[in-house]
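Observations on chain architecture
What follows is the residue order along each chain.
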Amino acid sequence: MKLLALHLTNVRKFTGKRASITGISDGITVVCEANEFGKSTFFDSIHALFFEKFSSSAKSVKSLQPYAGGAVEVAADVETDQGIFRVEKRFLSRKSARISRLPNGTTVAQDDEAERWIADLLGSASEGPTGLLWVRQGLIGLEPDGVREKTQLKETRRDLLSSVAGEIDAMTGGRRMDRVMRRVADSLAEITTRTGRKSGDWKAASDECEALETELAEVTRQVETLETALNARKQAEGALRRLDNPDARARREEALSAAKAAMEAARAHAGTVTAARQERDLAALKAKSAQSDLDAFLKAVDTLQVAEKQAAEHAAGAEEARREAERLKTALEAAQTGHKGAAEAVAAARKQLEQTRRQIAARKAKDEAVRLGEQIDKAETALAERDAAAAIVKASAATPKWLRRVEETAAEVSGYRAAAEARATTLRMTYEGAVRITLDGTAVPADQPLPLDGKSRLELPGIGRMTLHAHGPDSDDKARLTRAEEAYAGLLAQAGAASLSQARAAASARAEAAARVDLAQAVLDTLTPDGIDALRTARADANLAASDAHDEGLPAVADLETRLTRAEEAESTALQALKKAEAQHASARESAVRLQAAAETAQLALERARADAGASEIRDTRRAERLRNQAHAQEILAKTETALQTLIAAAPDLDTAAAELKRAEDAVATVREERAQVREKLVGLSAEIGTLAGHGIEERRDELEGQLEALRATEARFARKAAALTRLQSALDAERDAARETYFGPVQEELKPLLSILHRDAALSFDSESLLPSGLKRDEAKETLDDLSGGTQEQIAILTRLAFARLLARQGRQLPIILDDALVYSDDDRIIKMFTALTRVAQDQQIIVFSCRQLAFQDLGGARPTVEIEAV
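Residues numbered from 1 in each chain as written. Predicted model: local features only at pLDDT ≥ 70, side-chain atom pairs only at ≥ 80, totals over all residues. Heavy atoms only, no water.

Along its length, the protein chain carries 19 helices and 20 strands. Residues counted as buried form 34% of the 872 residues belonging to the protein chain. (Helix = DSSP H or I, 4+ residues; strand = E, 2+ residues; numbered from the N terminus. Buried < 20%, exposed > 50% of the residue type's maximum accessible area, 1.4 Å probe, protein only.)

Here we take up the pairing of strand 15 (residues 763-766). Across the two faces of strand 15 the burial differs, with Leu 764 and Phe 766 buried and Ala 763 and Ser 765 not buried at all. Of the strand pairs in this sheet, strand 15 and strand 16 (residues 773-778) are connected by four bridges, and their pairing is antiparallel. The residue bridging Phe 766 from the neighbouring strand is Pro 773, located in strand 16. (Pairing = 2+ DSSP bridges.)

Turning next to the packing of aromatic side chains. Think of a pair of aromatic rings as described by two things: how far the centres are apart, and how the planes are tilted against each other in angle. One pass over the structure, following the stated rule, counts three aromatic pairs. Seen from the ring of Tyr 431, Arg 436 lies directly overhead, with NZ or CZ sitting 4.2 Å from the centre. (Phe/Tyr/Trp six-rings, centres within 6.5 Å; stacked < 30°, edge-to-face > 60°. Lys NZ or Arg CZ within 6 Å of the ring centre and 35° of its normal.)

Per the stated rule, a full pass over the model turns up zero disulfides. The closest cysteine sulfur to the non-disulfide-bonded Cys 32 is located on Cys 852, 7.5 Å from its own sulfur. (Disulfide = S-S within 2.5 Å.)

Structurally, His 759 is set in the loop between helix 17 (697-758) and strand 15. Look at His 759 and you get buried, because its relative accessible area is 9%.

What follows deals with the sheet that holds strand 17 (residues 781-784). Sheet strands associate in pairs through backbone hydrogen bonding, adopting either a parallel or an antiparallel arrangement. Spatial strand order, 15-16-17: three strands in an open sheet with antiparallel pairing. The open sheet is flanked by strand 15 and strand 17, the only strands paired with a single partner. Direction aside, the axes of adjacent strands within the sheet are offset by 25° on average. (Axes fitted to C-alpha atoms, helices over the stretch in contact; angles between N-to-C directions.)

With that out of the way, let us pick up unusual backbone geometry. The peptide bond linking Leu 102 to Pro 103 adopts the cis configuration, its omega dihedral lying at 15°. Tracing the sequence through the fold places Pro 103 in the loop between strand 6 (96-101) and strand 7 (106-110). Backbone geometry places Arg 12, a non-glycine residue, at a positive phi of 45°.

Going through the model one piece at a time under the given rule, you end up with 27 salt bridges. For Arg 675, the salt bridge identified is with Asp 244, shortest N-O distance 2.4 Å. A residue pair is termed long-range when its members are at least 10 positions apart, and Arg 675 in helix 16 (residues 654-693) and Asp 244 in the loop between helix 8 (200-243) and helix 9 (246-395) qualify at 431 residues. A relative accessible area of 29% means that Arg 675 is categorised as partly exposed. A single salt-bridge network, built from bridges that share partners, covers Arg 280, Asp 281 and Glu 641. (Salt bridge = Lys/Arg side-chain N within 4 Å of Asp/Glu carboxyl O.)

Our next topic: the nonpolar core. Within soluble globular proteins, side chains that are nonpolar tend to cluster in buried spots. Ranked by internal contacts, the top residues of the largest apolar core, which has 38 residues, are Leu 3, Leu 6, Phe 42, Phe 50, Val 78 and Ile 99. Ranked by residues supplied to this core, first place goes to helix 1 (residues 39-51) with seven residues. Sequence-distant contacts of Leu 3, that is, excluding residues within four places in its chain, are made with Ile 24, Phe 50, Ala 76, Asp 77, Val 78, Pro 816, Ile 818, Gln 846 and Ile 848. Formed by 36 residues, the second largest nonpolar core is a distinct cluster that contains Cys 32, Ile 796, Phe 804 and Leu 819. (Core = buried A, V, L, I, M, F, W, Y, C linked by side-chain atoms within 4.5 Å. Contact = heavy atoms within 4.5 Å.)

Let's shift gears to the pairing of strand 5 (residues 83-91). Bridge count for strand 4 (residues 72-80) against strand 5 is nine bridges, and the pairing is antiparallel. Directly across from Val 72, in strand 5, lies its bridge partner Phe 91. Counting the residues between successive antiparallel strands, the hairpin from strand 4 to strand 5 contains two residues. As paired strands, strand 5 and strand 6 are joined by six bridges and run antiparallel to one another. Its bridge partner lying in strand 6, Lys 89 is registered against Ala 97. The turn joining strand 5 and strand 6, which pair antiparallel and follow one another in sequence, is formed by four residues; a positive phi near 75° is taken by Leu 92.

A separate point is the layout of surface pockets. Roughly 1,400 Å³ of internal volume is contained in the largest pocket. Along the wall of the largest pocket there are 36 residues; nearest its centre are Glu 253, Leu 256, Ser 257, Lys 260 and Ser 508. Listed by contribution, the elements that provide at least two residues to the lining of the largest pocket are helix 9, helix 10 (400-423), helix 12 (500-527) and helix 16. It is helix 9 that provides the largest number of residues to the lining of the largest pocket, a total of twelve residues. Residues of the lining of the largest pocket, tallied by class, amount to 17 nonpolar, three polar and 16 charged. (1 Å grid on protein atoms, 1.4 Å probe; cavity = no way out; pocket = protein on both sides within 12 Å on 5 of 7 lines; lining within 4 Å. Points joined across faces, edges and corners; volume = space filled by probe spheres on them. Nonpolar A, V, L, I, M, F, W, Y, C, P; charged D, E, K, R; others polar.)

This is the structure:
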């Protein structure tokens, strides 16, 4: 059977969609897509299609259903010796199965008949051979986790190997061999247990040794503990030296300083961007203002005549509305007098009710004042801590900016000094007699460099005078050096430092104090989000509210509320009359005000239009001036926008700079913590070594070993007998193992060329019970499968599956190999070799690989099928 195409409809992430893989080749086909694309969904769907009945509601089937629900449909186009068919199943809703012949779509089988057709195609009603060949994501070895699956695959391997190797009896060496091995086992059982332990006389002799052996083991353990403690102390001392390495410390400090500098630069650039954005916004406001000015001028010219007419009309209407408002004002005053009496009655009732409620509130405020006092005490403690640390920060001039200037100035001084020394002219004299040359009256020393600067006169006794003109550092160089040294000293003096190291220490102390300020401020922000004064004010308010609290009885609030309700009803009646009068008066007054405002607005509009338009003889000049202002403002806006975008494009990543700074700070802190832990460990180890060394445990061990040697001589006689029987049993086992080689020969034959691609001259050994590889022999060394790395185990498992696939092909049972995210533990060299093995087998074997490692699997080659996803 060969797979040609896969089709999924409404499966997991493909909700309401149809996902298809077409163009699957006869050799290697690689479906290489990113994580969460749905590769495992395709694998699980293939598994359900061939091994789950269409009527199943098993967990593996339900897992295919998307969250939105609905039927799950899976189909595969397969090629067999009889032709090309489509295998389709619909799960969970309107369940069905169908086999159709392609390309005409003629139905071959449906439902249960379709299930039997699939079973005949695979050669088994269960997972059968495909369990050997289809590797699910995350499976490293050859064995699945479930007991049932393990048993099924074991029987599949047994049937396959037996059919290829011939008689099953060849594996065991025959029943006769079994009888001989049982007789040897019975003889061995007379002096040993079934698990190989001593029994009978042998056990009696060994029991006498157990007490001494127990004591010896304990003493030996103490000796080993002492040796372990000594070694651990040595390692801890080495670790401490490593942690105190000055070069490593300097690198960490240098990395931290660089990270801080990068962070400051990023923040400075962010400030520049902000300033540019403000400049852009200002230009935009100016451009908008210029445009508004132009629009207002043009509008004023157009509306001047309309404003004159409207001003006259609104003035007449305003006067008529004013007279009507005066008439209604008299009626309103009468309604106000009636309502006043009713309101006074309500006020008296409300006052008594409010006094009662205030007393209740005063008693609650008393409790609140106590709670606020406790919170203020905590806040004042944090405030004191913050102020103390802030005083340190304020008193110190050792800011990061200052430290950078100190470091830069120190480097500048060093550069000037080096330049001065490089330009200096020196004189060195070597004398052979007693005569000495003098320089300006002073004898020139022998064999010592003497610096010369400017014009110098040498007295040569018996010869004459010599004048030298030396060109040393010019006055500008000296002046620059002097200024740099003065600037350096001045910077150090700002923070009371005498050297660069003291300057760095002062900057570090200031930074630590700043951190304490931030911590204390965080506490204050939590306790006093609105400030401690707000808390104090709240407590004062609570104390003030509680000042009138007393323990006297209070009238019932309900009675007071009833009295107030009755007074309010009376007031409401008077209020309705007042509101009616007010509404009438307000309406009239509003109309008068509105008309007066309209008249004033019209007059203002007229005056503004006259002012904006100006005299007719200067209107053209004003129009041209406003057009020029508008164009100039737009030009400035464009320039500032371009400058802003340029700064934004060049901005460093502030988050990355912050992450690098945190990493450097964490590295320094980690070393500091590790050093403290190592010192603590050294103290404990030294105490333990002193305790053990004082007990003479090594002498006691030697004494016990001498006693045991005599007792073990008695036991040796029984051991020789057991050894002889064991050797005989081993020889018989070897003969049986030789017979098993015939059984595992076919699969070893297929494995040998594949395994040699990874390990030259390597060989696998098989377990006769599980019928799976149990060990690997390479370079004359034997290793159990469990001792191998995860990557090697995974590679051997895949190679073994390839070998079983070739055995199945020998029997005419051609099935595809499917690997879902395999080779995840293989390094770059091994994965290339595994690609070679897959390519070798793929010459006459279909292999389908699902993987998310797009870069690594480029080297595999093979076909890349078409993956299509479309809505249905």
